[in-house]
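Per-entry structural report
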Amino acid sequence: MTNPLDAQANIHQNQPIGVFDSGVGGISVLKHIHALLPNEQLIYVADSQHAPYGNKPEAFIRTRCLTIAELFMAQQVKAMVVACNTATAAVISQMRSQYDMPIIGMEPAIKPAVAASKNGKVGVLATVGTLKSAQFSTLLQSYAKDAEIYQQGCEGLVDLIERGERDGEAINALLKRFCTPLIDAGVDTIVLGCTHYPFIKAAIQQLVGNHVEVIDTGAAIAKQLQRRLGDKELLIEKSTQSLVPIMMTNGQKDVVTNVMQAMWGANIKIANADF
């Protein structure tokens, strides 16, 4: 196991940043990070073989995340981003105690959603694992205030997105089932509580109407990463070079490559790895 003190002693500006998720969903966060910090070398790891995490036992998720963290340590990263709400809830505390570097996690944007809501009715679309987590309960206790929070687990949605489906009958049928209770409740703000869901944000917006604000937290995560790196003087010196992210998956390469390239929006090399 990596000695966190030794790791911190060797960190410098030119080292890469590790970003991971159970599959392709974290690419929505990766795009925000790349847009804000184009000179940073990003390494994205998709644990596609075990996607999605939302229906897995917490102990299993922790094991997978720590395995990926060790993979990143072998790549000598200077920071890690857990681009998955379910994984963050399961393992972020342990990772922060184990690795002495900036580690940024995801959480449903309850606080900004409550602030944005005009009628005090907020909907949350997330995996069942995220909604059942202690972290989510803490978020509600801390930030829900007098707002009514309507929680909607979205079983099966991540599986479709992992296969590259972003519209069509199957996606629309699930979205109608999941969003209808929120619409009937009169929410005026919806939180996307899973990093996969921004890829179907347009379909969600069309279904719920433009009067409902749909919140994606990817940009806020990128800014938080920038702040944390800046505080530790680990931001790379600015240059005119925009670095292409390094992408890795343990899934079926030809299938996952097509989906990841579609999510990224350009042809990009995807390496296959055993982890």
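Conventions adopted
- Residues numbered from 1 in each chain as written.
- Predicted model: local features only at pLDDT ≥ 70, side-chain atom pairs only at ≥ 80, totals over all residues.
- Heavy atoms only, no water.
- Pairing = 2+ DSSP bridges.
- Helix = DSSP H or I, 4+ residues; strand = E, 2+ residues; numbered from the N terminus.
- Axes fitted to C-alpha atoms, helices over the stretch in contact; angles between N-to-C directions.
- Contact = heavy atoms within 4.5 Å.
- Phe/Tyr/Trp six-rings, centres within 6.5 Å; stacked < 30°, edge-to-face > 60°.
- Parallel < 35°, antiparallel > 145°, perpendicular 65-115°, else oblique.
- Left-handed = near helix turned anticlockwise from the far one by under 90°.
- Salt bridge = Lys/Arg side-chain N within 4 Å of Asp/Glu carboxyl O.
- Buried < 20%, exposed > 50% of the residue type's maximum accessible area, 1.4 Å probe, protein only.

1. Section: the sheet that holds strand β6 (residues 148-153)
- Ordered in space as β6-β5-β7-β8, the four strands form an open sheet in which the pairing is parallel. The open sheet has two edge strands, β6 and β8 (213-215), and neither has a second partner. Across the sheet, the mean angle from the axis of one strand to that of its neighbour is 20°, orientation sign disregarded.
- Each of β5 (121-126), β6 and β7 (189-192) touches helix α9 (residues 169-185); the most contacted strand, β6, lies at about 165° to it.

2. Focus on the packing of aromatic side chains
- Enumeration according to the criterion identifies one aromatic pair in this entry.
- Between Phe20 and Phe72, the ring centres sit 6.1 Å apart and the planes meet at 50°, which makes this aromatic pair tilted. With Phe20 in strand β1 (residues 17-21) and Phe72 in helix α3 (residues 58-74), the pair connects residues that are 52 residues apart, well separated along the chain.

3. Here's the deal with the side chain of Arg64
- Tracing the chain through its elements places Arg64 in helix α3.
- Setting aside anything within four residues of it in sequence, one finds Arg64 in contact with Asp47, His50, Tyr53, Asn250 and Phe275.

4. Points about the packing of α9 against helix α10 (residues 201-208)
- Direction vectors running N to C along α9 and α10 enclose 50°, while the axes themselves pass 10 Å from each other. With respect to α10, the element α9 is oriented oblique. Seen along the crossing, α9 lies across α10 with a hand that is right-handed. Every residue of α10 that contacts α9 at Asn172, Leu175, Lys176, Cys179 and Ile183 is listed here: Ala203, Ile204, Leu207 and Val208.

5. Points about the pattern of salt bridges
- Inspection of the entire model under this criterion finds four salt bridges.
- Linking Arg64 and Asp47 is a salt bridge whose minimum nitrogen-to-oxygen distance equals 2.9 Å. On the criterion of sequence distance, the pair formed by Arg64 in helix α3 and Asp47 in the loop between β2 (42-46) and α3 is long-range, its members being 17 residues apart.

6. Section: helix α2 (residues 27-36)
- By the burial criterion, the buried members of α2 are Ile27, Ser28, Val29, Leu30, Ile33 and His34.
- Looking at the buried residues of α2, the elements they touch are β1, β2, β3 (79-82), α11 (218-231), β9 (246-249) and α12 (253-264).

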